[in-house]
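Here is how the chains run, residue by residue.
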Amino acid sequence: MPRIRPSDCYTAFFRNLLTMMQVVFMGAVITMNVCKNDHSTASWSRFSLGPVKHLRLLVAAGMVAASAQADGIRFAEVTAQAGIDYVGQSWGASWGDFNGDGFPDLWVSNHFARDVLYLNNGDGTFRDISAQVASDAARRGDAHGGAWGDFDNDGDQDLFILQGGIGPKSPRYGFPNKLRVNEDGRFVDRAQELGIGLPRMQGRTPIWLDLDRDGLLDIIPSAKSGAKIALPPTVFLQSPDGGFDEVAVEIDFAPESDSQIAYAFALDIDGDRVQELVYRGSRFTVFDTASLPLVDVTADLMPDALVAYGSREDSDVAVADFNGDLRMDLYLTRMRAPDQLFLNEGGRLKLSSPIVQTSDPELRSQGRSVVAGDFDNDMDVDLYIVATGERRNEPNLLLENLGNAVFRSVPDAGGAAGTLRGRGDAVAMADYDADGFLDLFLVNGDWPRYSRDDGPYQLFRNLGNGNHWLQIDLEGRASNRDGIGATVLLTAGGVTQIREQSGGMHSKAQNYKRLHFGLGGNTTADTLTIHWPSGRTQVLTEIDANQILHVIEPDD
């Protein structure tokens, strides 16, 4: 299990001392309306400027911090020091623990180039082990999104990779998907054998879910199906013998899918402890998964979905409780239009608008990829946005959550504004060095439609601060081994936070599945409540901060 290095403790002490010496100036209106925090009820006062259709900006002298914020969100690029060196085409990236040592490893797809698996050495560095663990490592294809998951419940992580490239001029109808089964430290591709190779599918990003809650992970390969010969997105339920049965027709899964970007994700919108499945094709489609067949509940649970974007727009989503009401909200990046925020109001996702404080009236919040995490461990969830332009890269954005879904734009994205080379493709989030602070990995080699200036990988390490944290690894028994579908509630210092285990999937990328909570100044979590997919509830109390806790589902 990863441990905190003594050097990290000393560094955190001096960072905290520096933080206390910083002076932050905020406008009176912000102080009165944004910073009024009642920890006894875990609620924040609402700051409103009236109805606005798009991004709301506050631009005025004195409304933006004159120095780094008190909790200190700061990143440093460590790509070269970490042993990562690549410039070229990309698609997405996925964090997963290949060798089970507690440190997240990194798979990168690289589109038409060779995909790469970086093993985390546990000392802040990585090494490319692709050729050692995968017999097909040198074989190029059209690799798109990949999803880690322990589908066979044997205690190690397997990797399902979708391929694209289907088209009427393709001599072999594209490339088959890959299911790299982790067997004794080596990958064995069993996709064709298990019937999920699908060479005629224009795959995009897959997701593992336990749709029928039988303790076995099922797979949903998202796909573009505009080509006449291309297969549509579908659903495979895993059978007890380890095989997969295609059941899209039987369970009424038929989302609109004529879109270049396609992906699926899961969140509990209506608060029944059962995650809904959301598919992004030509539009958002929300499926109730409480029983099979699925039921399209888009009109009930996400009534504004049809106005979210057009089918040609790139998009990504980040799911989190942004306003502290213990309901899951959704942030949508759109690239060709201003980003959108959907707040959960009484079990329905309603279109709102992000409120962002900034001194830059030209702030552009039209992102391509996004992640949500408590980057400063202050007990609310922040946003990091890859802000790709149409023809060039743009500086990325870091939005610090001030409470109740009010955000402050951090200058230079806290040091993670990124390169202007290439075009940003995706961001994936993980605490790769196990120091309790969430880090970022970016790929910038979007297939160059307008330029051949391919971009590099970038790894940004979170420099942290003096705040405390707790991270949770779930292990299901009656539930699937990864605990996908679980809801976790943590209470510390009178504030309750919520996290959902949905596998970390978003467009083109996968965040590490380990659940992360910032604890602020609290050194103990009072209670940790886990609602497992099996229906079991588990409660732990008086948990020390600053550790990675491995929680096993009880037998009864």
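Sequence positions are assigned chain by chain, starting from 1 and proceeding in written order. Reporting in this predicted model follows two pLDDT cut-offs: at least 70 for local features of residues, and 80 or more for side-chain atom pairs to be given and counted; totals over whole chains, interfaces and linings ignore these cut-offs and use all residues. Water and hydrogen atoms play no part in the side-chain values, which are based on all heavy atoms of the structure.

(A) Geometry of the side chain of Asn467. For helices the rule is a DSSP run of H or I covering at least 4 residues; for strands it is a run of E covering at least 2, with both sets numbered from the N terminus onward. Tracing the chain through its elements places Asn467 in the loop between strand E32 (458-462) and strand E33 (468-475). Any pair of N or O atoms that falls within 3.5 Å is considered a polar contact. Within protein, one atom must be able to donate a hydrogen and the other to accept it, and sequence-neighbouring residues count only if both atoms are side-chain atoms. A polar side-chain atom of Asn467 sits 3.4 Å from the main-chain carbonyl oxygen of Asn377.

(B) Geometry of the packing of aromatic side chains. Only Phe, Tyr and Trp rings take part, Trp by its six-membered ring, and two of them pair if their centres are within 6.5 Å. Stacked means planes under 30 degrees apart, edge-to-face means over 60, and tilted covers everything else. Counted under the stated rule, the structure contains 18 aromatic pairs. A ring pair is formed by Phe151 and Trp208, whose centres lie 5.8 Å apart and whose planes are at 10°; its orientation type is stacked. A residue pair is termed long-range when its members are at least 10 positions apart, and Phe151 in the loop between strand E9 (143-149) and strand E10 (158-163) and Trp208 in strand E13 (residues 202-209) qualify at 57 residues. Under the relative-accessibility criterion, Phe151 is labelled buried at 2%. Burial status follows relative accessibility: with a 1.4 Å probe on protein chains alone, a residue under 20% of its type maximum counts as buried, one over 50% as exposed, and anything between as partly exposed. With a relative accessible area of 2%, Trp208 lands in the buried category. Consider the rings of Phe322 and Phe407, whose centres lie 6.0 Å apart with planes at 70°: the pair is edge-to-face. Taken as a pair, Phe322 in the loop between strand E21 (316-320) and strand E22 (329-333) and Phe407 in strand E29 (residues 406-409) lie far apart in primary sequence, 85 residues in all. Each member of the pair, Phe322 as well as Phe407, is classed as buried. Grouped by ring-pair contacts, the aromatic residues Tyr86, Trp95, Tyr118, Phe126, Tyr432, Phe441 and Tyr457 constitute a single cluster. To sit over a ring, a charge needs its Lys NZ or Arg CZ within 6 Å of the ring centre and within 35 degrees of the ring normal. Above the face of the Trp91 ring, Lys508 is positioned so that its terminal group lies 4.3 Å from the ring centre.

(C) Here's a closer look at the sheet that holds strand E37 (residues 509-510). Pairing between two strands is assigned when DSSP locates at least 2 bridges connecting them. A sheet is described by the order of its strands in space; here six strands give the open sequence E8-E7-E6-E5-E37-E36, paired in mixed fashion. Either end of the sheet is taken by a strand with one partner, and the two such strands are strand E8 (126-128) and strand E36 (505-506). Of the pairings in the sheet, the one linking strand E5 (residues 93-96) to strand E6 (residues 105-108) comprises four bridges and is antiparallel in character. Paired with Gly96 across the bridge in E6 is Asp105.

(D) Spotlight on the confidence of the model for the protein chain. The predictor attaches a confidence to each residue, and that confidence, scored 0 to 100, is pLDDT. Scored by pLDDT, the protein chain has a mean of 82; 78% of the residues are at 70 or more. The low-confidence segment residues 1-70, where pLDDT is below 50, has 125 contacts with residues more than four positions distant or belonging to other chains. Contacts between residues were defined by any pair of non-hydrogen atoms, one from each residue, lying within 4.5 Å. This stretch, residues 167-171, has a pLDDT under 50; its non-local contacts, to residues over four places away or in other chains, come to three contacts.

(E) The environment of Gly518, seen in detail. Considering the arrangement of structural elements, one finds Gly518 in strand E38 (residues 515-520). Exposure remark for Gly518: the relative accessible area of 0% places this residue in the buried category. With 47 residues separating them along the chain, Gly518 and Gln471 place their C-alpha atoms 8.7 Å apart. The contact partners of Gly518, leaving out residues within four places of it in the chain, are Asp374, Asn377, Met379, His468, Trp469, Gln497 and Arg499.

(F) Spatial organisation of the pattern of salt bridges. Definition used for salt bridges: Asp or Glu carboxyl oxygen within 4 Å of a side-chain nitrogen of Lys or Arg. Evaluated as defined, the whole model comprises 14 salt bridges. One network of salt bridges, with partners in common, ties together Arg368, Asp425 and Lys508.

(G) Looking closely at the side chain of Asp150. As for its position among the elements, Asp150 is in the loop between E9 and E10. In this structure the side chain of Asp150 is engaged in a polar contact, spanning 3.1 Å, whose partner is the backbone nitrogen of Asn153. At 2.8 Å, the side chain of Asp150 forms a polar contact with the backbone nitrogen of Gly155. Once you skip the residues sitting within four places of it in the chain, Asp150 turns out to touch Gly155, Asp156, Gln157, Asp158, Leu217, Arg481 and Asp482.

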